[in-house]
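Listed here are the chains, written in short residue letters.
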Amino acid sequence: MSVSWPAPLTCAVGGALLAAAVWLLCFRLLPAVVVRPRRRPMKEEKAQVPPGSFGWPVVGETLDFVSCAYSPRPESFVDKRRLRYGSAVFRSHLFGSATVVTADAEVSRAVLQSDARSFVPWYPRSLTELMGKSSILLINGSLQRRVHGLVGAFFKSPQLKAQVTADMQRRLATAFAAWRDRGPGARLRIQDHAKTMVFQILVRGLIGLEGGPEMQQLRQQFQEFIVGLMSLPIKLPGTRLYRSLQAKKRMARLIQRIIQERRRRRILCGGDAPPQPRDAIDVLMGDGSDELISDNMIDLMIPAEDSVPMLITLAVKFLSECPLALQQLEEENMQLKMRKTDVGETLEWTDYMSLSFTQHVITETLRLGNIISGIMRKAVRDVEVKGHLIPKGWCVFVYFRSVHLDDTLYGDPYKFNPWRWKEKDTSSSSFTPFGGGQRLCPGLDLARLEASIFLHHLVTSFRWVAEEDHIVNFPTVRLKGGMPIRVTSKD
């Protein structure tokens, strides 16, 4: 593979493992007597609990999982057990819970397609505290389907895509002018620029907030909030979780002021909703409380800080290391630019999404980058999947990363190869970067659109030389140095 990850320093790994052990004790195991899950009798079951081991008392196999997550190959945790047990589905004990881990594409798809009668979301306690009971990530049943459906339909709407396109074009023009003013060879970090830009665009689409002091205040509070998602679940004043909860309260107050002002305006206009929703608040106002709306607006900001900026950043990194792909991407985008310029037309969102090789680059970046490495669900009853029994109360860890890097599914899986998608189907069970089923990420089209716009304007406006940088995969995917490049304008 053209990308190499450095092994972290021994002291960093040791500190991470110690933190994980302390987290386990505080998070899952102290409130109750620890009882190690026992294997259910096989003779009474048609299906069987997958082979595996619960590891050490108390900590299970969590320390090994965290150690592998910090290594150059996070998937080695699964690979070792897959080889040992002869199965891509095995049992383990992770983060205080008996867990079935699946790197089998068909089993993973079955879990993703299941509803709340079989599996419900499972997240660390700190995350559930911060998300709130009304979060789309945590609610189930008809309410979840209703909220997900409304938000998903709005995110797919031509109106929002046109707004996002215009916003991004305007912000890129401003940013690129500043880059040119710095002269040839100006050094910048793609990750930082992508985060700033995508956050402001998405927030406008969610709550209608324009740039200015309130936007700056919101981003500051959001950054204080997001760092607590994987913190120790202790809410005492001064702790990380407490500070993040306070930041969320301040964000919620700002968003609820916007909601209340909208409700007042709607009453003055006779109670009618606008003919076309301006943002996600308008979409949900008729179907949810102020708390439900504000909780979900905050949750939906998370992709603006991590997922979409990292998709853009990783694409720039992988392209920098694959000159042939960069050349073909540039040729495709220059042809579009010249075609639209010749007829005096501006680029619309449909133009960006029509670029086939650009979409292959984005798809391959999602596969190789694994921005979301997997998801966890909890069985609410005994569930049988492809001959495997997942007992009630156990978690199932659907590990996307191992499926995306499986050499039986993808030839030379560690190589950045956008051309593989000329023949491969992105809707197959072996490609799930956005999850699946009823909880499929509602913003997947917007993520692709924003990445397409950024890449188009970057490759048609600048040449660049990338500095060496390394991917960190845990606890979230990021570039260690922010992906520094030196740009020179083509003008």
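Worth saying up front: this structure is predicted, and the values here are computed from it rather than measured.

As summarised here, the arrangement of the 5 strands in space is β1-β2-β8-β5-β3, forming an open sheet in which the pairing is mixed. At either end of the open sheet lies a strand with only one pairing partner, and these are β1 (89–94) and β3 (119–121). The sheet shows a mean angle of 35° between the axes of neighbouring strands, direction not considered. The pairing of strand β2 (residues 97–102) with strand β8 (residues 395–399) spans 4 bridges and is classified as parallel.

As enumerated under the stated definition, the model contains 18 aromatic pairs in all. Seen in terms of ring centroids, Phe 65 and Phe 95 are 5.8 Å apart; in terms of plane orientation they differ by 85°. Their pairing is edge-to-face. Here Phe 65, found in helix α2 (residues 62–69), pairs with Phe 95, found in the loop between β1 and β2; they are 30 residues apart in sequence, far enough to count as distant. The same class applies to Phe 65 as to Phe 95, namely buried. A centroid spacing of 4.9 Å and a plane angle of 55° characterise the contact between Trp 421 and Phe 431, whose relative ring orientation is tilted.

Within soluble globular proteins, side chains that are nonpolar tend to cluster in buried spots. Among the nonpolar cores identified, the biggest contains 106 residues, and Ile 207, Phe 225 and Met 297 are the most heavily contacted of them. Leaving out residues up to four positions away in the same chain, Ile 207 has contacts with Leu 218, Ile 255, Ile 258, Arg 262, Asp 279, Ile 281, Met 297 and Met 301. Residues Phe 54, Val 100, Phe 119 and Val 383 belong to the second largest nonpolar core, which totals 20 residues.

With omega at 0°, the peptide bond leading from Phe 474 into Pro 475 counts as cis. Relative to the helices and strands, Pro 475 resides in the loop between β10 (471–472) and β11 (478–479). The backbone of Val 58 shows a phi angle near 70°, a positive value even though the residue is not glycine. Along the chain, the position of Val 58 falls in the loop between α1 (10–29) and α2. Residues other than glycine seldom take positive phi values, yet Asp 412 does so here, at roughly 50°.

Attention shifts here to the packing of helix α9 (residues 213–226) against helix α10 (residues 240–268). The packing of two helices is summarised by the inter-axis angle and the distance between the axes. Their axes nearest at 8 Å, the elements α9 and α10 cross at an angle of 150°. Relative to α10, α9 is oriented roughly antiparallel. Note that α9 runs across α10; the crossing there is left-handed. For the pair formed by α9 and α10, the contact residues are Glu 214, Gln 217, Leu 218, Gln 221, Phe 222, Glu 224 and Phe 225 on the first element and Arg 240, Arg 243, Ser 244, Ala 247, Lys 248, Arg 250, Met 251, Leu 254 and Arg 257 on the second.

Considering all chains together, one arrives at 3 cavities of 30 Å³ or more under this definition. Its boundaries defined by the atoms lining it, the largest cavity holds a volume of some 120 Å³. Lining the largest cavity are 14 residues, with Ser 114, Asp 115, Ala 116, Gln 438 and Arg 439 positioned closest to its centre. If you list the elements that add at least two residues to the lining of the largest cavity, you get α4 (105–113) and α6 (141–155).

Attention now goes to a positive patch on the surface. Side chains of Lys 249, Arg 250, Arg 253 and Arg 257 sit close together on the surface and give a patch of like positive charge. Checked against the element boundaries, Arg 253 lands in helix α10.

Take the confidence of the model for the protein chain next. For the protein chain, per-residue confidence averages 88 on the pLDDT scale, and 90% of positions sit at 70 or higher. Segment residues 1–38 is flagged for pLDDT under 50; beyond a separation of four residues in sequence, or across chains, it makes 69 contacts in the model.

Moving on to the pairing of β2. Of all the 6 residues making up β2, 6 are buried; the element is thus mostly covered by neighbouring parts of the structure. Alternating positions in β2 separate into two faces, Ser 97, Thr 99 and Val 101 on one and Ala 98, Val 100 and Thr 102 on the other, with burial throughout. Across 6 bridges, β1 lies against β2 in antiparallel orientation. In the strand pairing of β2, Arg 91 is matched with Val 100. As consecutive antiparallel partners, β1 and β2 are separated by 2 residues, and within that stretch Phe 95 has a phi angle of approximately 50°, a positive value.

All right, on to α2 then. Those residues of α2 that fall on the buried side of the exposure criterion are Thr 62, Phe 65, Val 66, Cys 68 and Ala 69. Down the axis of α2, the sector holding all buried residues measures 160°, keeping them to one side.

Time to look at the pattern of salt bridges. Close approach of charged atoms allows side chains of opposite charge to pair. Applying the stated criterion to the full structure yields 33 salt bridges. Linking Lys 235 and Glu 129 is a salt bridge whose minimum nitrogen-to-oxygen distance equals 3.4 Å. Placement of Lys 235 in the loop between α9 and α10 and of Glu 129 in helix α5 (residues 125–131) is noted, with a sequence separation of 106 residues between them. The class for Lys 235 is partly exposed, based on a relative accessible area of 44%. Here Glu 129 falls in the partly exposed class, since its relative accessible area comes to 32%. A salt bridge links Arg 240 to Glu 224, with the shortest nitrogen-to-oxygen separation between them at 2.7 Å. Here Arg 240 is found in helix α10, whereas its partner Glu 224 is found in helix α9, with 16 residues between them in sequence. On the accessibility criterion, Arg 240 (24% relative accessible area) is partly exposed.

Definitions and cut-offs
Residues numbered from 1 in each chain as written. Predicted model: local features only at pLDDT ≥ 70, side-chain atom pairs only at ≥ 80, totals over all residues. Heavy atoms only, no water. Pairing = 2+ DSSP bridges. Helix = DSSP H or I, 4+ residues; strand = E, 2+ residues; numbered from the N terminus. Axes fitted to C-alpha atoms, helices over the stretch in contact; angles between N-to-C directions. Phe/Tyr/Trp six-rings, centres within 6.5 Å; stacked < 30°, edge-to-face > 60°. Buried < 20%, exposed > 50% of the residue type's maximum accessible area, 1.4 Å probe, protein only. Core = buried A, V, L, I, M, F, W, Y, C linked by side-chain atoms within 4.5 Å. Contact = heavy atoms within 4.5 Å. Parallel < 35°, antiparallel > 145°, perpendicular 65-115°, else oblique. Left-handed = near helix turned anticlockwise from the far one by under 90°. 1 Å grid on protein atoms, 1.4 Å probe; cavity = no way out; pocket = protein on both sides within 12 Å on 5 of 7 lines; lining within 4 Å. Points joined across faces, edges and corners; volume = space filled by probe spheres on them. Patch = residues over 30% accessible without salt bridge, like charges linked within 9 Å, V, L, I, M, F, W, Y side chains within 5 Å. Areas by Shrake-Rupley, 256 points an atom, 1.4 Å probe, with all protein chains shown as cover. Salt bridge = Lys/Arg side-chain N within 4 Å of Asp/Glu carboxyl O. Lys, Arg positive; Asp, Glu negative; His and termini not counted. Charge placed at Lys NZ, Arg CZ, Asp CG, Glu CD. pLDDT = per-residue confidence, 0-100. Arc of directions from axis to C-beta.

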